[in-house]
Structures are given as structure tokens and as C-alpha cells.
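# Examination of the molecular architecture
Listed below are the residues making up each chain.
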Amino acid sequence: MSSAETPTVTGNPLPKVDAGQTPIWLIAISILLPTSFAMLATSATNVAIPYIAGYFGSTVDEANWVITIYMIANAILIPLTGWLENYMGRVLFLKVFITIFTIGSLICAMASSLNMLVVGRLIQGIGGGPMMPISQAILIASFPYNKRGQAMALFGLAVMVFSIMGPTFGGFIVDNSAWQWIYLANIPVGIFSVVLVHCNIAELKNRVKPDKVDYVGFIALVLWLMSMQIVLDKGQQYNWFDCTWIAWLAGISLFSFIFFIVWELEYHSPIVNLRIFKDKNFFIGTILGSSVNMIIYVTIVLLPSFLQSLMGYNAMLSGLALAPRVFSCIIMLLIIGPMVEFLDNRILIATGFFFLGLSTIIYANLNLGISFQFVVVPNVLMGVGVILVFIPVSGLVLGTLPKSELSNGAGLHSLCKCVMTAFVVSMSSTLVARLSQVHQTYLVENLSNFNLIFQNRLHSMAGHFMSFASNYATHKAGGLLYKQLLVQSKLMAYVDVFEMFALVAFILIPFGFLLKVPKRDSKM
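Residues numbered from 1 in each chain as written. Predicted model: local features only at pLDDT ≥ 70, side-chain atom pairs only at ≥ 80, totals over all residues. Heavy atoms only, no water.

## Section: the overall build of the protein chain
As a reminder of what qualifies: Secondary structure is summarised from DSSP: a helix means a run of H or I of at least four residues, a strand means a run of E of at least two, and numbering begins at the N terminus for each. Buried, partly exposed and exposed residues are distinguished by accessible area as a fraction of the type maximum, computed with a 1.4 Å probe on protein chains only: under 20%, between the cut-offs, and over 50%, respectively. Whether two residues are in contact is decided by their heavy atoms, any of which lying within 4.5 Å being enough. Computed with a 1.4 Å probe, the accessible areas rest on the Shrake-Rupley method; for each residue, only the protein chains presented here act as cover.
If you tally the helices and strands in the protein chain, you get 20 helices and zero strands. Taking all 524 residues of the protein chain together, the buried fraction comes to 55%. Sequence separation of at least 24 residues holds for 82% of the intrachain contacts in the protein chain that already meet a minimum separation of 6. Entry remark: accessible area of the protein chain is about 22200 Å², with carbon and sulfur atoms responsible for 69%.

See the structure below:
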């Protein structure tokens with residue numbers, strides 16, 4: 001099947017697109033252009049938060065709602081992709097949500113207050129949420145099986161490469177211009193994307209419009225994801241379950257999650273078809289895809305944090321530290337297509353997890369004396385591992401689903417990755433904070449009057465402050481040594497977290513062999 005086809009049901013007017021005449025590369029450009037910029041805007045905003053907080057005179061915690069509200073809107077819309085596509089029709093669906101994303105970007109760029117920016121990000125999240133699953137579903141349906149490696153390479157370019165480029169792009173913008181340009185860049189792209197969709201994307205064949213709206217399932221989904229995201233984002237700030245309202249929200253999230261699963265499995269016309277998890281490839285592929293996201297975003301979050309908080313890098317330099325993996329990703333994308341077509345995809349996945357584990361374990365050798373060049377090698381290896389896992393998994397996870405379930409499957413797959421990403425980003429920050437306290441407890445034992453090395457160091461440093469009173473010089477030297485202890489404790493916490501996720505990557509190496517690889521001549 002070279003592209004989507006014209007509808008025969010629902011009574012909608014036939015679009016102008018001739019599915020049989022539209023080149024698949026033009027279909028790919030039309031759907032991946034808005035997806036790329038949606039992913040870029042998501043990760044670029046993260047490094048701009050301190051600048052946004054300063055611009056509006058708010059705290060960083062208040063400005064973090066710009067990220068939180070976007071992730072909530074994204075998470076809610078992602079699993080609804082299949083249902084909304086069937087309800088609205090593919091072409092109208094794409095036009096509407098690209099337009100919503102563009103309007104949200106305009107509001108963000110023109111925001112005169114933090115509240116207005118949060119509203120703009122909410123609208124932007126609603127529009128950008130379905131972009132990733134719908135692009136994956138359209139590419140899977142449009143490309144023949146023998147070109148699926150190329151299709152997923154293009155998908156990886158839009159999703160992975162642009163996500164990784166986000167911190168570098170955002171750091172460059174905020175250090176050299178105004179943060180508003182992060183959002184202004186999306187406006188012409190959004191307008192052009194609507195034109196491309198109208199001209200090149202055809203309607204679904206045999207689309208069956210849902211006869212009922214599952215309001216109960218939708219409300220349960222909203223309650224679950226909204227409360228979960230707030231708990232994950234604000235838990236560390238309010239000391240988790242020591243805070244009453246965090247505990248209540250966690251309970252509401254758990255109850256809504258269980259209710260949502262039971263309701264969707266039993267309701268005759270669910271808004272999300274959870275029964276596709278019975279498909280072995282979809283189930284295992286979702287676990288592997290979520291794990292890849294987990295490892296990627298741990299490094300995307302923690303490495304710039306380490307460089308900025310302990311090494312004194314600015315936003316642009318910390319973003320550039322991730323740039324080497326962009327180049328290795330692009331190089332791998334150029335060669336992964338033939339590799340997927342001619343090699344066993346399970347071997348590629350196992351090799352990819354090995355590279356992910358190797359790169360993450362190298363991060364565990366961080367110290368305060370590293371140069372900028374030190375992060376190049378693990379970043380290059382990370383880019384290689386990401387593509388070796390992401391591309392085969394993206395093709396196999398939906399490869400055994402019927403075409404009628406592709407959009408629903410892509411939405412559920414993306415939701416699981418989104419939830420895992422939110423969970424891991426929150427947990428990694430919490431682990432760094434808590435493990436640094438643990439290391440501090442052990443290291444402080446060395447700051448003792450019975451430790452001769454500490455005493456020699458203390459008196460040596462006090463000698464540098466002898467222009468002050470002797471007692472004051474000793475206190476100042478002691479304070480400086482304690483500050484160094486805090487830095488070392490935090491450094492050791494970063495190392496511990498990287499070691500944990502390296503272990504996860506190595507454990508996942510054999511799991512790819514549980515996937516079923518379709519025969520080469522199968523018609524997908």
C-alpha cells in the first residue's frame with residue numbers, strides 16, 4: 001500500500017488527493033514536518049525555564065508549570081489519536097490539530113504573563129500530542145514492508161533527532177536572542193504543514209465513525225493522567241507523600257488508572273482499545289520502546305543538569321554537550337534502512353541496548369575535572385544505540401496489528417513511552433537529591449577532628465584567609481570544605497543514577513529476541 005486511500009463510508013466529500021499518485025516521500029514530508037517541530041518545541045522549552053522565570057519575575061517552580069501543563073495535554077491526547085482519527089477523518093484531524101498547535105505557539109510567543117504562557121502551552125500540547133502516533137501509523141500504512149526500514153528511519157529523524165536537538169536549539173536561542181523565538185519558529189511551519197496535508201494526505205479507506213462517545217472512559221483518562229503528572233512534577237518539591245494533597249492526588253491517580261483499565265476492557269465501544277496488548281509484538285515492543293525513552297531522557301535531563309550545576313556551563317554549552325549524539329543519530333539513520341531490511345531486527349535491538357548500556361556506564365565515570373570532549377564519546381555511542389533499538393522496535397511493535405488498529409496502537413505505544421518518560425524524569429531528579437543526601441551522610445564522617453588529612457587541609461585553607469581574624473578564617477575554611485563535600489555528594493549521586501540505568505540497558509539486551517519478525521514477503 002503506497003499511501004492512504006479515499007473513503008468509502010462516513011459520507012464525507014472525497015478529498016482532492018489521489019492516493020495512488022502521491023509519492024510516499026511526499027507523504028512522509030507532509031506528516032513528519034509538523035511532528036519534528038512539535039518534538040523540537042517540547043525539549044527546547046526545558047532549558048529556557050530559568051529565562052522564562054526571570055522574564056516574568058516568577059520562581060523556577062512556578063515556571064515549571066509551562067512544562068507540566070504541556071505534558072498533561074500531550075498525555076491525554078496521545079491515546080485518543082485512533083478514536084479521533086476515525087471520528088473526524090484523517091485529513092480534517094491533521095489540519096485541526098496542526099492548527100491548534102500553531103495557535104498555541106502564537107499565544108506562547110505573545111504571552112504577557114506566565115498564566116497566559118501556561119494557557120498557550122496547554123493549547124500547544126493539545127495540538128502536538130497526536131502528531132507522533134499519527135505520523136508513525138501513516139508511515140507504517142503507506143510504506144511497503146520492504147521499505148519499512150526507510151520509513152522508520154524518517155520517523156526516527158523526526159522524533160528522536162529533533163528531540164535530542166531541542167536542548168541545543170533552546171540553549172542557542174535563549175543565549176543569543178529571546179526565548180519567544182522557540183515558539184515563533186513553529187508558526188510558519190504550522191501554516192505550511194496544513195497546506196502539505198491538504199495536498200498530499202488522503203483519507204482513510206473504510207473509516208468507521210464511532211457511533212458513541214465514551215465519556216466515562218475519557219474522564220477517567222483525564223483524571224489519571226492529570227493527577228499523575230502533577231504528582232510526578234511536584235512530588236520532590238513538596239517531599240512526596242509527606243504532603244497531604246500529593247498523597248490524595250496519588251490515590252486519585254491510582255484509582256482512576258485501575259477504573260480506566262477495567263472500564264475500557266468491559267465497555268462495548270471504548271475510546272481506547274486496550275485489548276491490543278494481547279498482541280505479543282505490541283506488548284514486548286512497547287516495553288522496549290518505553291525503556292529506550294527512559295534511558296534517553298535520563299541522560300537528556302541529568303547531563304545538562306550536571307554540567308550547569310556542578311561544572312558551571314551555561315544553557316548553550318550544556319545543550320551543545322548533547323550535540324554529538326545528534327550527528328551519530330543522523331549517520332545511523334542513513335544506514336539503518338538497509339540494515340533493517342537485510343539483518344535480523346532482533347540482533348539490531350540487542351546490539352543497540354549494548355551500546356546504550358556502554359554509553360551510560362561511561363557517564364558513570366564523570367568527575368569534576370572532565371573536559372568538554374569527555375562527553376563526546378558516550379554521546380556518540382548513545383546516538384548509535386538509540387537508532388539501533390528505536391527503528392526496528394518502531395517497525396515491529398505495530399507490524400503484527402491489523403491496519404484498522406494502527407492509529408490506536410501507535411497512540412497507546414506513544415502513551416506508554418510518555419508515561420515512562422514522565423516517571424523516569426521525575427524519579428531521576430528525586431534519586432539525585434536523595435542519593436546525594438545519603439552520600440553526604442557518609443562523607444561528613446571524614447570532617448572530623450580525628451581525621452588528620454581533614455585537619456591538615458583545614459589549617460592549610462585557613463592560612464589563605466589569615467587576613468581575617470583567626471577564628472573567622474577557620475570557620476570560612478570549614479564552610480568551603482563543607483561546600484566541596486556537598487558537591488562531591490551530588491557528583492556521586494549522578495554516578496549512581498547513571499550506573500542504575502546502564503544496568504537496565506544491559507538487562508534488556510536479550511528481550512528483543514522475544515519479538516516476532518514477519519517474513520520478508522509478507523504483505524503488511
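Picking up where we left off.
## Some remarks on the packing of helix 3 (residues 65–77) against helix 11 (residues 215–234)
In plain terms, the rule: Think of each axis as a best-fit line through the C-alpha atoms, taken over the contacting stretch in the case of a helix, with angles from 0 to 180 degrees between the N-to-C directions. Angular relationships are summarised with four words: roughly parallel below 35 degrees, roughly antiparallel beyond 145, roughly perpendicular across 65 to 115, and oblique for the angles in between. The crossing is said to be left-handed when, going from far helix to near helix, the turn is anticlockwise and less than a right angle, and right-handed when the turn is clockwise.
Relative to each other, helix 3 and helix 11 sit at 150°, their axes nearing to 9 Å. If you check the angle between helix 3 and helix 11, you find them roughly antiparallel. The two elements helix 3 and helix 11 cross, and the hand of that crossing is right-handed. Contact residues: Trp 65, Thr 68, Met 71, Ile 72, Ala 75 and Ile 76 in helix 3; Phe 218, Leu 221, Val 222, Leu 225, Met 226, Gln 229, Ile 230, Asp 233 and Lys 234 in helix 11.

## Some thoughts on the side chain of Ser 256
Basically, it comes down to this: Here a polar contact is taken to be a pair of N or O atoms separated by no more than 3.5 Å, where protein atoms must pair a possible hydrogen donor with a possible acceptor and residues adjacent in sequence count only if both atoms sit in side chains.
Mapped onto the elements of the fold, Ser 256 is located in helix 12 (residues 244–266). By relative accessible area, Ser 256 is classed as buried at 5%. Among the polar contacts listed, one links the side chain of Ser 256 to the backbone oxygen of Ile 252, at a separation of 2.8 Å. Discounting chain neighbours no more than four positions away, the residues touching Ser 256 are Ala 220, Leu 223 and Trp 224.

## Re the confidence of the model for the protein chain
Note the following rule: Each residue carries a pLDDT score, the predictor's own confidence in it, on a scale running from 0 to 100.
Scored by pLDDT, the protein chain has a mean of 77; 84% of the residues are at 70 or more. Considering only residues more than four positions removed or in separate chains, one finds that residues 1–20, a stretch of pLDDT under 50, has 50 contacts.

## Some points on the packing of aromatic side chains
Note the following rule: Side-chain rings of Phe, Tyr and Trp, where Trp is taken by its six-membered ring, are said to pair if the distance between their centres is within 6.5 Å; with planes under 30 degrees apart they count as stacked, over 60 as edge-to-face, and otherwise as tilted. In this analysis the charged atom, NZ for Lys or CZ for Arg, is taken to sit over a ring once it is within 6 Å of the ring centre and within 35 degrees of the ring normal.
A complete count under the given rule lists 16 aromatic pairs for this structure. Joined through ring pairs, the aromatic side chains of Tyr 55, Phe 56, Trp 179 and Tyr 183 make up one cluster. The ring of Tyr 70 carries the charged tip of Arg 121 above its face, separated from the ring centre by 4.1 Å.

## Quick notes on the environment of Ala 111
Along the chain, Ala 111 falls in the loop between helix 5 (90–110) and helix 6 (114–128). Spatially, the C-alpha atoms of Ala 111 and Phe 56 are 9.9 Å apart, while their sequence positions differ by 55 residues. Sequence-distant contacts of Ala 111, defined by excluding residues within four places in its chain, comprise Phe 56, Met 116 and Leu 117.

## Considerations on the environment of Ile 296
Tracing the backbone shows Ile 296 in helix 13 (residues 280–309). Remark: the alpha-carbon pair of Ile 296 and Met 382, spanning 86 residues in sequence, is separated by 8.0 Å. With near-sequence residues (within four places) excluded, Ile 296 lies in contact with Met 160, Arg 325 and Val 386.

## What to know about the pattern of salt bridges
Filter applied, for reference: The rule for a salt bridge is simple: a side-chain nitrogen of Lys or Arg has to be within 4 Å of a carboxyl oxygen of Asp or Glu.
Here the structure, examined in full by the defined rule, presents one salt bridge. In this structure, the salt-bridge partner of Asp 344 is Arg 346, at a minimum N-O distance of 3.1 Å. The exposure class of Arg 346 is partly exposed, given its relative accessible area of 24%.

## Concerning the side chain of Ser 30
Assignment of secondary structure puts Ser 30 in helix 1 (residues 24–56). With near-sequence residues (within four places) excluded, Ser 30 lies in contact with Leu 196, Val 197, Asn 200 and Ile 201.

## Side note on a nonpolar patch on the surface
Just so we agree on the cut-off: Excluding any residue in a salt bridge, patches collect residues exceeding 30% relative accessible area, merging like charges within 9 Å and nonpolar Val, Leu, Ile, Met, Phe, Trp and Tyr side chains within 5 Å.
A cluster of nonpolar residues, Tyr 87, Val 213, Tyr 215, Phe 218, Ile 219, Leu 223 and Ile 252, forms a patch on the protein surface that exposes about 630 Å² of accessible area. In terms of residues, the nonpolar patch owes the most to one element, helix 11, which gives four residues. Mapped onto the elements, Phe 218 comes out in helix 11. Relative accessible area serves as the criterion here: at 33%, Phe 218 is assigned to the partly exposed category.

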